[in-house]
Amino acid sequence: MDGRRGCKRASVTDDEEQTPKKKRGRPPGSRKSLAAEQTPEKSVSANQTPSKTPKVVSFLETLDEIGEAAPHATPQSFFRVKEGSGVGKRVANKIADIGIVDEQELRDAIVKLPQKHEKEQAALLEGYRAFYHKCCGFGLLMYGFGSKKKLLEDFASTELRDGAAVVVNGYLSNVNIKHVVHTVVNAVWEARKKGKPSNKVKQDAPASSNSLVDLLEFLTDDDDSTHIYVVVHNIDGPGLRDDDVQQTLASLASCKHVRLVASIDNINAPILWDKHMARNQFKWLWLHTPTYATYKVEGTCVPLLLTAGAATKSARSAILVLRSLTPNAQSVFRVLGEFQISHPDDQGLPLNRLYTACREQFLVSSEVTLRAHLTEFKDHELVKFRRGVDGQDCIYVPLPIDALTKLLEDITS
């Protein structure tokens, strides 16, 4: 027995020398090592997906290589640093520094642009001829994207053959409504003269000095069947958007001798008329007629953006703004403009001298009122301030002398 036990002990001793026996329990320091092993796992779970961690590190390393410490880096800061622009730098570029092309040169280039989709546009015009006969007893109003000038001209030459036609180009800014009414009245009188002997015509030819009321009454006096067609291109044009002008056109359309055909292009055109004007006077029959044609003719009267001749466009904008101001405000601006025209070499008109000139003409009662006018002018960029030779703030109009002269003439008229 002892021999066997000795053999077993010898064999066990040999095995223990080869493989050391593990002790029971946790080895000393195992709790700390376990906590150290669990800490990275928690940080990984906090960052959600471990696969994204290398990308964030590479992003920060890229910023460090560029030379900016970015503890709270964002994609915007990354691209800003890559472009080499600092956070506090300001760009000194201005629109005035851009090399702007001349307006006439740009218009010539627009005219030379090749026409596209001619066959499709011609097919649209041909399809619209089916409704030409539907305008009897109604005012025909065409709307939709694209110039409708060619469509209206085709309609007038095709269907309006039983009477004279008066064409009004509403896209022009200098349209005179009284001249339009006088032309229509003359056309009606000429048609009556042709249909009857000269001794049976009740009235003489109307004079251009007659008022609008007298001219409109001329169209309602006679009970004959003479009628005139009035074709208005862009009845919502800049020269016809006034309330009084639209009311005159509505009265003209309600005359039994007048048949009105018009087109609109502005999306806000329907707000020009109230319910009574649209239904009872114009009697609009709305027709959706998109032609997708270019506005070559209508666009010639619209100032182009980012072209030379900015002074002309500024003068036009100033006219619109001044017309919306009170008469006293217009007179204050006129005093400032007249001084600038008579003293072109001065830096401007000082505030105290402007107040004295306006006070002498009873335009303002106090300096507070004058400053209120000047604030309104400055908000609309009609005037600017700069330092004079004596250190005073001078007020001036940022327009050339010729443009300012034309502007004052428009205000006076």
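Residues numbered from 1 in each chain as written. Predicted model: local features only at pLDDT ≥ 70, side-chain atom pairs only at ≥ 80, totals over all residues. Heavy atoms only, no water.

- If you look the chain up in an unreviewed UniProt entry, it shows as Origin recognition complex subunit 2 from Physcomitrium patens.
- Listed in UniProt under the heading Subunit (unreviewed entry), the comment for the chain reads: "Component of the origin recognition complex (ORC)." (UniProt positions renumbered as here; feature names shortened; annotations may be inferred.)

## Focus: the pattern of salt bridges
A side chain of one charge can pair with a side chain of the opposite charge if their charged atoms are brought near each other.
And step 1. For the structure on display, the rule yields eight salt bridges.
And step 2. Between D265 and K148 there is a salt bridge; the shortest N-O distance is 2.7 Å. One end of the pair, D265, is in the loop between β4 (258-263) and α11 (275-282); the other, K148, is in the loop between β1 (139-143) and α7 (149-159), and 117 residues separate them in sequence.
And step 3. For R371, the salt bridge identified is with E367, shortest N-O distance 3.1 Å. With R371 and E367 both in helix α15 (residues 367-379) and four residues apart, the pair spans about one turn of that helix. (Salt bridge = Lys/Arg side-chain N within 4 Å of Asp/Glu carboxyl O. Helix = DSSP H or I, 4+ residues; strand = E, 2+ residues; numbered from the N terminus.)

## What to know about helix α14 (residues 351-360)
And step 1. Residues L351, L354, Y355 and C358 constitute the buried set of α14. Down the axis, α14 shows its buried residues gathered within 100° of arc, on one side only.
And step 2. Where α14 is buried, its residues contact α13 (327-342), β6 (349-350), α15 and β8 (393-396).
And step 3. With its phi angle positive at about 60°, F362 sits one or two positions after the end of α14. (Buried < 20%, exposed > 50% of the residue type's maximum accessible area, 1.4 Å probe, protein only. Arc of directions from axis to C-beta. Contact = heavy atoms within 4.5 Å.)

## So, the sheet that holds strand β2 (residues 165-169)
And step 1. On the basis of which strands lie adjacent, the open sheet formed by five strands has the order β2-β3-β4-β1-β5 and parallel pairing. The open sheet has two edge strands with one neighbour each: β2 and β5 (284-288). Sheet twist, expressed as the average angle between the axes of neighbouring strands with direction ignored, equals 15°.
And step 2. For β1 and β4, the ladder comprises three bridges, and the chain directions are parallel. Bridged to L140 within β4 is V261.
And step 3. In the packing of α7 onto the sheet, contacts are made with β1, β3 (228-233) and β4, and the angle to β3 comes to roughly 170°. (Pairing = 2+ DSSP bridges. Axes fitted to C-alpha atoms, helices over the stretch in contact; angles between N-to-C directions.)

## A look at the packing of aromatic side chains
And step 1. One pass over the structure, following the stated rule, counts seven aromatic pairs.
And step 2. An angle of 10° between the planes, with centres 4.6 Å apart, marks the rings of F282 and W284 as stacked. Considered together, F282 and W284 belong to a single accessibility category, that of buried residues.
And step 3. Measuring from ring centre to ring centre gives 5.7 Å for F333 and F377, while their planes differ by 75°; the resulting arrangement is edge-to-face. Here F377 lies in helix α15 and F333 lies in helix α13, a separation of 44 residues in the sequence. The two residues F333 and F377 agree in class, both being buried.
And step 4. Through pairs of rings, three or more aromatic residues link up here, namely Y143, W273, F282, W284 and W286. (Phe/Tyr/Trp six-rings, centres within 6.5 Å; stacked < 30°, edge-to-face > 60°.)

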